[in-house]
Amino acid sequence: MGKKKLNSLEDLGGFVFSTNNEFEYDQNEEQETLQPKQQYLEALFSNKGRGGKTVTVITGFEGSDQDLKALGKMLKQKCGVGGSVKDGEIIIQGKFRDKIMEILKKDGYNVKRVGG
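Computed from a prediction, not measured in an experiment: that's the story for all the values here.

Caption draft 1: Just the overall build of the chain, in detail. Scanning the chain from terminus to terminus reveals two helices and five strands. Taken from N to C terminus, the helices and strands of the chain fall in the order β-β-α-β-β-α-β. Each of the 116 residues in the chain was classed as buried or not, and the buried ones make up 25%. Residue pairs at least 24 apart in sequence account for 48% of intrachain contacts in the chain once pairs closer than 6 positions are excluded.

Structure follows, in structure tokens:
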């Protein structure tokens, strides 16, 4: 039998090897979610890479992925549209920036309008 070819880092078993002797592997590195009044979010429109369809993007959230997903779910429900949460951004389908900014401000978030 031949050797198995490694196509990605996952083929190594999920570990990344380091030559740094002082590196400490920490498995439970969950970021603590800041209170809404300590969050500084940005709301912007985007249509890049989406076939010309406009979406509202919320960036700047500091906290756990679970809390980010919960916030994204709440915004999608209140706007009555679809969307997704990935790479630390909430993406809402359509032009809902002003409505989303109102919702977030009522919940105590600091929201800044970015772009036109």
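Caption draft 2: A look at helix H1 (residues 65–79). Under the 1.5 Å per step criterion, the end-to-end length of H1 is 21 Å for 15 residues, consistent within 8% with the ideal 21 Å. The elements touched by buried residues of H1 are strand S2 (55–59), strand S3 (83–86), strand S4 (89–93) and helix H2 (97–106).

Caption draft 3: Structural detail: the sheet that holds strand S5 (residues 110–113). Here five strands make up an open sheet; going across it, the order is S3-S4-S2-S1-S5 and the pairing mixed. Only two strands of the sheet have a single neighbouring strand rather than two, namely S3 and S5. Put simply, the sheet's adjacent strands are angled 20° from each other on average, direction ignored. In the sheet, strand S1 (residues 40–46) pairs with S2 via five bridges, with the strands oriented antiparallel. Paired with Leu44 across the bridge in S2 is Val57. The strands touched by H1 are S2, S3 and S4; relative to S4, the strand with the most contacts, the crossing angle is about 15°. Here H2 sits on the sheet and contacts S1, S2, S4 and S5; the angle it forms with S5, its principal contact strand, is near 160°.

Caption draft 4: Structural detail: the pattern of salt bridges. The tally for this structure, following the rule as stated, stands at two salt bridges. With a shortest N-O distance of 3.9 Å, Lys112 and Glu42 are connected by a salt bridge. Placement of the pair is Lys112 in strand S5 and Glu42 in strand S1, with a sequence separation of 70 residues. Judged by relative accessible area, Glu42 falls into the partly exposed class, the value being 30%. The residue Asp98 makes a salt bridge to Arg113 at a minimum N-O spacing of 3.1 Å. Linking Asp98 in helix H2 with Arg113 in strand S5, this pair joins segments that are 15 residues apart in sequence. Assessed through its relative accessible area of 42%, Asp98 is described here as partly exposed. For Arg113, a relative accessible area of 44% translates into the label partly exposed.

Caption draft 5: View of the nonpolar core. Counting 17 residues, the largest nonpolar core has Ile58, Leu71, Leu75, Ile90, Ile100, Leu104 and Tyr109 as the members making the most contacts within it. For this core, the secondary-structure elements that each account for two or more residues are S1, H1, S4 and H2. Excluding residues that lie within four positions of it along the chain, Leu71 makes contacts with Phe61, Ile90, Leu104 and Tyr109.

Reading guide: rules and limits
- Residues numbered from 1 in each chain as written.
- Predicted model: local features only at pLDDT ≥ 70, side-chain atom pairs only at ≥ 80, totals over all residues.
- Heavy atoms only, no water.
- Helix = DSSP H or I, 4+ residues; strand = E, 2+ residues; numbered from the N terminus.
- Buried < 20%, exposed > 50% of the residue type's maximum accessible area, 1.4 Å probe, protein only.
- Contact = heavy atoms within 4.5 Å.
- Expected span 1.5 Å × (residues − 1).
- Pairing = 2+ DSSP bridges.
- Axes fitted to C-alpha atoms, helices over the stretch in contact; angles between N-to-C directions.
- Salt bridge = Lys/Arg side-chain N within 4 Å of Asp/Glu carboxyl O.
- Core = buried A, V, L, I, M, F, W, Y, C linked by side-chain atoms within 4.5 Å.

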